[in-house]
Amino acid sequence: MVDKVLKGNGLYWGWLTLLLMVMGAGAVAYLVQFNYGLGATGMSRDVTWGIYISQFTFLVGVAAGGLMLVLPYYLHDYKSFGRITLLGEFMAIAAVAMCLMFIIADLGQPMRAMNVILHPTPNSMLFYDMIVLNGYLFLNVLCGFVVLSSEYRGVKYPNWVKPFIYISIPWAISIHTVTAFLYCGLPGRHFWLTAVLAPRFLASAFAAGPALLMVIALIMKRTANFDVGETAKNKLVTIIGYAAIINFFLLGCEVFVGYYSNIPGHMHTLDYLFFGLVDHSTGVMHNNLVPFMRASVAMGILGICMLFISRRQKSDAMLATSCILIFVAFWIDKGLGLVLGGFVPTPMEHVVEYTPTVVELTVTAGVWSTGFFILTLLYKMVVAVKRDSEATLKIS
Amino acid sequence: MDNTRRKFLKLAGLTAAAGVAAPVLGSKALASSAPAAHGEPAAHGGGHHEEAPTGVRHGLVIDTGKFHDNPGLAEKCQKVCHDYHNVPKFNNGKDEIKWIWTEKFANVFPEHSHYKKDDRISSMNILALCNHCDSPPCVRACPTKATFKNKEGAVMMDFHRCIGCRFCMAACPYGARSFNWRSPRGSEDGKPFIEKYNPLFPSRMRGVVEKCSLCAWRTKQGKEPLCVEEANKGVEGAMVFGDLNDPNSDVSMTLRKRFTIQRKPSLGTKPSIFYII
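These remarks concern the structure in this document. (Residues numbered from 1 in each chain as written. Chains lettered and ligands numbered in written order. Predicted model: local features only at pLDDT ≥ 70, side-chain atom pairs only at ≥ 80, totals over all residues.)

The helix and strand inventory of chain B stands at eleven helices and eleven strands. The burial tally for chain B puts 40% of its 277 residues in the buried class. Sequence-distant contacts, at least 24 apart, represent 66% of the contacts inside chain B between residues at least 6 apart. (Helix = DSSP H or I, 4+ residues; strand = E, 2+ residues; numbered from the N terminus. Buried ≥ 20, exposed ≤ 12 C-beta atoms within 10 Å, placed from the backbone. Contact = placed C-beta atoms within 7 Å.)

Structure, rendered in structure tokens:
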């Protein structure tokens, strides 16, 4: 079964080579950072988490988003998802792997990472995050491979794996909830201190994860001649569309609470993200995230409209565009604005901005490439096995 | 105080649930909680009325007026602290490490800041340092217990255990924590970041968080923190250090006599640093 990854056309090998090159560059950049310290990044005393932790947060969402592809098939016996359920599980594996790499990249003393296990601290949310992320990785590796190898051998997956499949469903919710709790339990960071943070995380995850899968599915339809089917696509459109709408509804709730209550602490970060914020001690306006955040909202709303229209017009190109728009919109929202915005203003109400360095961006690109490398190999396997088993079915 | 009250309520609840008449037990618990509870409201939404029920809790009163009238005194306190503790100077805000420093009133007390402040308050430079909270969010957030409260209530750092995740820095509502973004033992243009290395206190390695420790290494020997000693050399009573749980300590006496404020009391962190404005 694993040997399937060794057979591919020129496009396949070219893509893998490209990813390996970026991974190499990322590794070199990480060595630079490892030798110099995290000062090689743009993070500072005031903005202590940067693009690593924001990518981590976003990718936990992508991993959790796999749930929306797994749940209908296993819990509701929704047969049309037969071709994408495994893709969802394997997407979660790649996403969690990226999350763990981003966490390691962000540690000041990565060699001491095991201290989290050697000195377990149940009052820290990071302790639970460690458990749920590694647990989710384990569950998806187990369920994904058992189900796939059963299919490879032409049998139904064994019953003993069912409990693990059922556990993995609430577990997906837990990974993103705990990740939200990392932020929303901190006093004095008003932007994060909101009870709708976990729900909003889940809503954007359930849109972004399936949106990414949809784009990959449409690419595979062209390059690998692997079609997930119209029914599955229609269902995915519904899921992505409504999850994205719920995310914007929750964002609207945040905006209402901030501006109607008129409490400065609740407005500062929203001001910073969408309009820019003036540092009162220096009089300087800070607004480097404003174009991104405005684009995010515009792209998100446009994406939702196009998503529903694309189904009426049966246009795959439009469907792909709308999913890319939604994915990028939520990447900006959570992968940039949420984490970076939370640090503005500082606890002393100064405004300090963050700009990532080349080293940092290269490491980030390297991690993403590693994730896509894992994803490509896994999907290669799924497609080959699915095609074999379906061919066998046709003959018999 | 809270503890005994909670115990009493639990006890009362239990006896009621069991359907047993509670006068004997109840009155006993009430009697034991009565002397501790005199005249103080229950802890709601922060403020000055919280205490650790037992043991020592070191705290500090800073008389900002005395610092205001003696320009340069705050800087002296900072220098004596940073010199002794090998706090490096990077000359840029991004890598900056500081244990004690000054800020304007509006920045130290954003929640107390208001329209039309008087000239004195507006021009004040106020010392800021770790608040050594009784309920510290940084300790709650740390995934390895590398930051912890010692027996005297000071929030401490274990530089050898810290993994550098900086969760504590996100958790601290006072911006009191610094991170070693690069090695503090290095130098730039031939100038070391630690100007004069003090062999009596360890320098840190890159990738760990550091902060004020309320000079736990000194207070264990019965001495006052360096900044307090330095401040009082300049003006007697500019800083008062002592055990907040001991009603007869200087710091408790000062707190009874003078009106003080704390930084962001509404967050429930229960800071041990008090300010006379």
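After that view, the rundown keeps rolling.
Turning next to helix H8 (residues 197–223) of chain A. Think of an α-helix as turning once every 3.6 residues; residues three or four places apart then point the same way. With 27 residues, H8(A) ought to run about 39 Å at 1.5 Å a step, and its terminal C-alpha atoms sit 38 Å apart, in line with that. Two residues or fewer after H8(A) comes A:Asn225, characterised by a positive phi angle close to 55°. (Expected span 1.5 Å × (residues − 1).)

Let us look at the nonpolar core. Counting residues in hydrophobic clusters, the biggest one holds 182 residues, and the most contacted among them are A:Ala63, A:Cys99, A:Ile240 and A:Ile326. Excluding residues within four positions of it along the chain, A:Ile326 makes contact with A:Ala207, A:Ala208, A:Ala211, A:Ile240, A:Ala244, A:Gly300, A:Gly303, A:Ile304 and A:Leu307. (Core = buried A, V, L, I, M, F, W, Y, C linked by C-beta atoms within 7 Å.)

So, on to the packing of helix H6 (residues 125–152) of chain A against helix H7 (residues 162–184) of chain A. Residue and element names in this part refer to chain A. For the pair H6 and H7, interaxial distance at closest approach is 9 Å and the crossing angle is 150°. Accordingly, the angle class assigned to the pair H6 and H7 is roughly antiparallel. In the crossing of H6 with H7, the sense of the turn from one axis to the other is left-handed. Only Phe 164, Ile 165, Ile 167, Ser 168, Trp 171, Ala 172, Ser 174, Ile 175, Val 178, Thr 179, Phe 181 and Leu 182 of H7 make contact with H6, whose side of the interface consists of Met 125, Leu 126, Tyr 128, Asp 129, Val 132, Leu 133, Gly 135, Tyr 136, Leu 139, Asn 140, Leu 142 and Cys 143. (Axes fitted to C-alpha atoms, helices over the stretch in contact; angles between N-to-C directions. Parallel < 35°, antiparallel > 145°, perpendicular 65-115°, else oblique. Left-handed = near helix turned anticlockwise from the far one by under 90°.)

Inspection of the secondary structure puts A:Met114 in the loop between helix H4 (85–106) and helix H5 (115–118). By the C-beta count within 10 Å, which is 10 here, A:Met114 ends up exposed.

This next bit is on the interface of chain A and chain B. In this assembly, 32 residues from chain A lie in contact with 43 residues from chain B. Of all elements in the fold, only H5 and H6 of chain A reach the threshold of two or more residues within the side of chain A that touches chain B.

Residue A:Pro345 follows A:Val344 across a cis peptide bond; omega there is -5°. Here A:Pro345 shows up in the loop between helix H12 (316–342) and helix H13 (358–395). Of note in this structure, A:Lys314 is not a glycine but carries a positive phi near 50°. Position of A:Lys314 relative to the elements: it lies in the loop between helix H11 (290–313) and H12. Exposure remark for A:Lys314: the 10 C-beta atoms within 10 Å place this residue in the exposed category. The phi dihedral of B:Lys116 falls on the positive side, at around 60°, and the residue is not glycine. Inspection of the secondary structure puts B:Lys116 in the loop between helix H5 (105–108) and helix H6 (119–123). The class for B:Lys116 is exposed, based on 5 C-beta atoms found within 10 Å.

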